[in-house]
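Analysis of the macromolecular model
Below, each chain spelled out in residue letters.
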Amino acid sequence: MRSAIRAFSTNVTKTDRKGFVPRRALLYVPGSSEKVLAKVPKIKVDSLVLELEDGCPLASKAQARTNIAAYLDDLPSKGDHACFELGVRVNSVSSGLLADDVKELSKAKHLPQVFLVPKVDDPDELAAIWDIFKTNYGAERIQNSKSRLIIYIESARALLDMPRLLATTLNLHKNAGFFKLDGVVFGSDDFCADLGMSRSNEGTETLYARQRFVTCCKAFSLQAIDSVYIDIKDLDGLRRQSIEGKAWGFDGKQCIHPTQIPVIQESFLPPPDKIEWAKALIDEYIKHENEQRNTVLTFRGSMVDRPVILQAMNIVQTVKYIQESQ
Ligand SMILES: CC(C)(COP(=O)(O)OP(=O)(O)OC[C@H]1O[C@@H](n2cnc3c(N)ncnc32)[C@H](O)[C@@H]1OP(=O)(O)O)[C@@H](O)C(=O)NCCC(=O)NCCSC(=O)C[C@H](O)C(=O)O
Ligand SMILES: [Mg+2]
């Protein structure tokens, strides 16, 4: 892309995209099931999360920890994985289970590519989380790893305090060497429970929350991962909510069943006609700019100014990054 276009600060270009991981679909695979774990290397999804939290019954937590630690310990023997990223979601600090999770996981030779920490409600919890990881892994092992961090916003308090939570997490990386925060997940089901809401497939009850959430993520150049859609059989509803989330600026969506993966991943890719529109608009804009005319132009009957160009660039670059990561 030409320099005039590159000079714009966009959603995509302002983020450090080195090591960019597409997270259109983030699939939870319960760690308690050895049968399902055996399928992990072949599951084609952007981000695959070995689950220790709510997808794992309390009675199976210990078994799930052992299974996931064994999986990570023996990672090279599993061969190439079809996913871009293999993560582990641990339990929250408030559950009292996090220390046991991290203690067991740290026995494995390999770290996951991303740790996902749910229910981060208060900036003070972050010091406790860092302390648990440091105690078990040792600061050096963490600082020398390329593992990333994803946190969850799942309560009214966390949503309101989101800027402070994100800034504190980013500072823990900068000042102490904790894993770098790369994305944030909106835990809509826990959020509904926290507010006494009844969740619906339409998701109108979380409209404000999702919009505030995505705005805060983008203010800190972080990936925003949308709500889970629990009606597994309703793929049309899932598609509608995925397309809506993409249009609102979300980068991906949580996923609980393999049938949801293609629906979500397709929805988070701009459609071919949008990609064609964006490329043609950028070409036209460059031509227009070279002719030293006003930077507002008419394209296919619509007025185009700088923000429209930025949206077109986001489309082209999102596709480019996903293709480059494949
Ligand atoms: C919901 C499920 C319990 C359904 O499982 P099951 O009854 O086995 O479904 P199917 O018979 O339709 O399964 C068909 C085959 O697909 C495999 N399968 C199913 N789910 C998964 C999966 N998640 N990953 C990999 N493979 C999966 C089955 O094994 C079958 O295979 P086969 O026998 O070979 O044909 C189950 O889908 C499930 O447990 N999903 C994950 C649930 C979970 O983790 N929930 C917590 C995350 S959501 C969340 O916490 C949101 C957030 O925090 C918030 O607060 O909002
Ligand atoms: Mg949750």
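Residues numbered from 1 in each chain as written. Chains lettered and ligands numbered in written order. Predicted model: local features only at pLDDT ≥ 70, side-chain atom pairs only at ≥ 80, totals over all residues. Heavy atoms only, no water.

Brief notes about the pattern of salt bridges
Short version of the rule: Between Lys or Arg on one side and Asp or Glu on the other, a salt bridge is scored when a side-chain nitrogen of the former is within 4 Å of a carboxyl oxygen of the latter. Each helix is a run of DSSP H or I of at least 4 residues and each strand a run of E of at least 2, with the numbering of both proceeding from the N terminus. Each residue gets one of three labels from its accessible area relative to the maximum for its type: buried under 20%, exposed over 50%, partly exposed in between, using a 1.4 Å probe on protein chains only.
A full pass over the atoms with the stated rule returns 23 salt bridges. Linking aspartate 46 and arginine 24 is a salt bridge whose minimum nitrogen-to-oxygen distance equals 2.7 Å. Within this pair, whereas aspartate 46 is found in the loop between helix H2 (34–37) and strand E2 (47–51), its partner arginine 24 is found in the loop between helix H1 (3–6) and strand E1 (25–30), the two being separated by 22 residues in sequence. Taking the relative accessible area as the measure of exposure, aspartate 46 reaches 2% and is therefore buried. The residue aspartate 226 makes a salt bridge to arginine 210 at a minimum N-O spacing of 2.8 Å. A residue pair is termed long-range when its members are at least 10 positions apart, and aspartate 226 in strand E7 (residues 223–226) and arginine 210 in helix H10 (residues 207–219) qualify at 16 residues. On the basis of relative accessibility, which here comes to 1%, the residue arginine 210 falls in the buried class. Residues joined in a network through salt bridges with shared partners are Glu51, Glu53, Asp54, Arg89, Lys119 and Asp190.

Structural notes on the UniProt feature "binding site: substrate" (unreviewed entry) in the chain
Put simply, the rule reads: UniProt positions are given in the numbering used here, feature names are shortened, and annotations may be inferred rather than shown by experiment. The contact criterion used is simple: two residues touch if any of their non-hydrogen atoms lie within 4.5 Å. Two N or O atoms form a polar contact when they lie within 3.5 Å of each other; inside protein one atom must be a possible hydrogen donor and the other a possible acceptor, and for residues adjacent in sequence the pair counts only when both atoms belong to side chains.
As recorded in UniProt, the feature "binding site: substrate" (unreviewed entry) lies at Arg89 and Glu154. In summary, the annotated positions, though distributed over 66 residues, converge in three dimensions, the widest C-alpha pair being only 14.3 Å. With respect to the secondary-structure elements, arginine 89 resides in strand E3 (residues 85–89). In this structure arginine 89 touches Tyr28, Val49, Leu50, Glu51, Leu52, Glu53, Asp54, Gly55, Leu116, Pro118 and Tyr152, once residues within four positions along its chain are discounted. Within the local environment of arginine 89, its side chain forms a polar contact with the side chain of glutamate 51, the two groups lying 2.6 Å apart. When its relative accessible area of 5% is taken as the criterion, glutamate 154 is described as buried. In terms of polar contacts, glutamate 154 uses its side chain to reach the backbone amide nitrogen of lysine 119, at 3.0 Å.

Let's talk about the environment of alanine 224
Structurally, alanine 224 can be placed in strand E7. As a C-alpha pair, alanine 224 and leucine 166 span 58 residues in sequence and 12 Å in three-dimensional space. Setting aside residues no more than four positions away along its own chain, alanine 224 makes contact with Val184, Phe213, Val214, Cys217, Lys218, Phe250, Asp251 and Gly252.

Some thoughts on the UniProt feature "domain: HpcH/HpaI aldolase/citrate lyase" (unreviewed entry) in the chain
Per the UniProt annotation, the sites labelled "domain: HpcH/HpaI aldolase/citrate lyase" (unreviewed entry) are residues 24–258. As a span, residues 24–258 carries 42% helix and 17% strand, and end to end its C-alpha atoms are 14 Å apart.

Here's the deal with the packing of aromatic side chains
Here is the rule: Working definition: rings of Phe, Tyr and Trp (its six-membered ring) pair if their centres are within 6.5 Å, and the pair is stacked with planes under 30 degrees apart, edge-to-face with planes over 60 apart, and tilted otherwise. Placement of a charge over a ring requires the Lys NZ or Arg CZ to be within 6 Å of the ring centre, with the centre-to-atom vector within 35 degrees of the ring normal.
Considering all chains together, one arrives at twelve aromatic pairs under this definition. When the centroid spacing of 5.1 Å and the interplanar angle of 50° are considered together, the rings of tryptophan 130 and phenylalanine 178 count as tilted. Residue tryptophan 130 is located in helix H5 (residues 123–137), and its partner phenylalanine 178 is located in the loop between helix H8 (162–176) and strand E6 (180–186); the two are separated by 48 residues in the primary sequence. The buried category is assigned to tryptophan 130, whose relative accessible area is 9%. With a centroid separation of 5.2 Å and an interplanar angle of 40°, the aromatic rings of phenylalanine 178 and phenylalanine 179 are classed as tilted. When sorted by exposure, phenylalanine 178 lands in the same class as phenylalanine 179, which is buried. Of the aromatic side chains, those joined through ring pairs into one cluster are Phe115, Trp130, Phe133, Tyr137, Phe178 and Phe179. Lying across the ring of tyrosine 71, lysine 78 places its NZ or CZ 4.5 Å from the centre. In this arrangement the basic side chain of lysine 274 is found over the ring face of tryptophan 277, its NZ or CZ atom lying 4.7 Å from the centre.

Side note on a nonpolar patch on the surface
We count it as follows: Residues form patches when they are more than 30% accessible in relative terms and have no salt bridge. Like charges link within 9 Å. Nonpolar side chains (Val, Leu, Ile, Met, Phe, Trp, Tyr) link within 5 Å. For accessible areas, the Shrake-Rupley method is used with a probe of radius 1.4 Å. Any residue's cover is judged against the shown protein chains and nothing else.
Together, Ile230, Ile232 and Ile256 make up an exposed nonpolar region whose accessible area comes to about 210 Å². Positionally, isoleucine 256 belongs in the loop between strand E8 (252–255) and helix H12 (260–267).

A short note on the pairing of E8
Rules: Each pair of strands is called paired provided DSSP finds at least two bridges between the two strands.
In this sheet, E8 lies alongside E1 in parallel orientation, the contact comprising three bridges. Bridge assignment links leucine 27 to a residue of E8, and that residue is cysteine 255. As defined by bridge partners, E7 adjoins E8 across two bridges and the pair is classed as parallel. Considered in E8, the bridge of isoleucine 225 is made with glycine 252.

Observations concerning the domain arrangement of the chain
Put simply, the test is: Where each domain starts and ends comes from a domain assignment, either automatic or drawn from a database.
When cut into domains, the chain gives domain 1 (25–267) and domain 2 (272–324). Just the C-alpha atoms count here: the centres of domain 1 and domain 2 sit 34 Å apart.

Some words on the site of ligand 1
Test applied: One heavy atom within 4 Å of a molecule or strand makes the whole residue count as near it. We call Asp, Glu, Lys and Arg charged. Ala, Val, Leu, Ile, Met, Phe, Trp, Tyr, Cys and Pro are nonpolar, and the rest, Gly among them, are polar.
Near ligand 1 lie 22 residues; those nearest to it are Tyr28, Lys39, Arg89, Asp189 and His257. With respect to ligand 1, the backbone of aspartate 189 contributes an N or O atom lying 2.7 Å from an oxygen atom. Protein chains shield 63% of the accessible area of ligand 1, which is 1,000 Å² for the free molecule. Of all the secondary-structure elements, those providing two or more residues to the shell around ligand 1 are E1, H2 and helix H9 (188–195). By residue number, the principal contributor to the shell around ligand 1 is E1, which donates four residues. Class assignment of the residues belonging to the shell around ligand 1 gives a composition of ten nonpolar, five polar and seven charged.

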